[in-house]
Amino acid sequence: MSVLPFSQALRERTWSGHSDSEGADFMTDLMRGAGTREDYIALTAQHYFIYEALEGAEKTFADDATVAHFVSPRLTRLPALEADLEFLLGPSWREEISPLPTTVAYVARIRRIAAERWAGGFIAHHYTRYLGDLSGGQFIGKVMKRRFGFETNGIGFYLFDEIADPKEFKDTYREQLDAVDWDEAERERVIDEVLRAYRFNTELFVDLSRAKAVA
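Since this is a predicted model, take the numbers as computed values, not measurements.

Draft legend 1. Focus on the overall build of the chain. Helix and strand counts for the chain stand at 11 helices and 0 strands. Mapped from its N terminus to its C terminus, the chain presents α and β elements in the order α-α-α-α-α-α-α-α-α-α-α. Here the C-alpha radius of gyration of the chain, 17 Å, is about what a compact globule of 215 residues would show, namely 17 Å. Projected onto its principal axes, the C-alpha positions of the chain cover 50 × 35 × 35 Å. Going through the 215 residues of the chain one by one, you find that 50% of them count as buried. When contacts within the chain are restricted to residue pairs at least 6 apart in sequence, those whose partners lie at least 24 apart make up 84%. Summing over all exposed atoms, the chain offers an accessible surface of approximately 10900 Å²; the carbon and sulfur share of this is 52%. With 26 positive and 36 negative side-chain charges, the chain shows a separation of 3 Å between the mean positions of the two kinds.

Draft legend 2. Molecular detail of the nonpolar core. Residues Tyr40, Met144 and Leu177 are the most contacted members of the largest nonpolar core, which totals 66 residues. It is helix α3 (residues 37-57) that provides the largest number of residues to this core, a total of 11 residues. Once residues lying within four places of it in the same chain are set aside, the contact partners of Tyr40 are Leu30, Leu88, Met144, Phe148, Phe150, Gly154, Ile155 and Tyr158.

Draft legend 3. The arrangement of the packing of aromatic side chains in detail. Applying the stated criterion across every chain yields a total of 14 aromatic pairs. Judged by centre distance (5.1 Å) and plane angle (85°), the ring pair of Tyr48 and Trp93 falls under edge-to-face. Here Tyr48 is found in helix α3, whereas its partner Trp93 is found in helix α6 (residues 93-96), with 45 residues between them in sequence. As far as burial versus exposure is concerned, Tyr48 and Trp93 are alike and both buried. Between Phe157 and Tyr158 the ring centres are 4.8 Å apart and the planes differ by 80°, which places this aromatic pair in the edge-to-face class.

Draft legend 4. Here's a closer look at the environment of Asp29. Residue position: Asp29 is located in helix α2 (residues 25-32). Apart from the residues lying within four places of it in its own chain, the contact partners of Asp29 are Ala34 and Gly35.

Draft legend 5. Molecular detail of helix α8 (residues 119-133). Look at α8: 21 Å from first C-alpha to last across 15 residues, which is about the 21 Å you get at 1.5 Å a residue. Of all 15 residues that make up α8, 14 are buried, and the element is covered over most of its length.

Draft legend 6. Structural detail: the environment of Val214. Mapped onto the elements, Val214 comes out in helix α11 (residues 184-214). Assessed through its relative accessible area of 70%, Val214 is described here as exposed. For the pair formed by Val214 and Leu81, sequence separation is 133 residues and the distance between their alpha carbons is 25 Å.

Draft legend 7. Structural view of α2. Turning to α2, its buried residues number three or more, namely Phe26, Met27, Thr28 and Leu30. In the stretch just after α2, Gly33 is the one whose phi turns positive, near 100°.

Scoring rules and cut-offs
Residues numbered from 1 in each chain as written. Predicted model: local features only at pLDDT ≥ 70, side-chain atom pairs only at ≥ 80, totals over all residues. Heavy atoms only, no water. Helix = DSSP H or I, 4+ residues; strand = E, 2+ residues; numbered from the N terminus. Rg over C-alpha atoms; globule rule 2.2 N^0.38 Å. Buried < 20%, exposed > 50% of the residue type's maximum accessible area, 1.4 Å probe, protein only. Contact = heavy atoms within 4.5 Å. Areas by Shrake-Rupley, 256 points an atom, 1.4 Å probe, with all protein chains shown as cover. Lys, Arg positive; Asp, Glu negative; His and termini not counted. Charge placed at Lys NZ, Arg CZ, Asp CG, Glu CD. Core = buried A, V, L, I, M, F, W, Y, C linked by side-chain atoms within 4.5 Å. Phe/Tyr/Trp six-rings, centres within 6.5 Å; stacked < 30°, edge-to-face > 60°. Expected span 1.5 Å × (residues − 1).

In short, the description is geometric, and any link to function would need to be established separately.
Pasting the structure below:
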């Protein structure tokens, strides 16, 4: 009986969570043209808090040999998010945004993982965010560009100028996942954490819909 490579098992075991996240009404409306520029700005603001936590956590794992295989400056999104928000909201953008409840919980989870120095947990969130950005995120960026007339300003988050071939980058990333020497129990923990990350994404879209409804 053949054993699935970990990256394949991870993909198959978490696909339903991924699909639920993509299918959230807020994102569906935004992609189909029913969403507004303000909706897009609201989403971008929440991304800022998430990536501030995730990329801040990288420093905690600076000397971790396992994490080092996955962290790359070519993936860094925070400067692009800051530039996007300045373009979208103006120079005082930091005073105009705040994290929604799910974002607060999401950030707290990432910071707890960093405090515990759990490499597998960090990689789970790293994998969920960046491989998503290099997959469906590329389509989202193109739709937002067409929908709102952006060039590069406003959608810098979705532009990975230093990654010429996203598919090749993702394939290498998955090969590195397969090469990590995790036992079965740790692999299960990582899969569970990826599912948790997808739940955060889905719940964030719900929060965004609620915030829009009361605005």
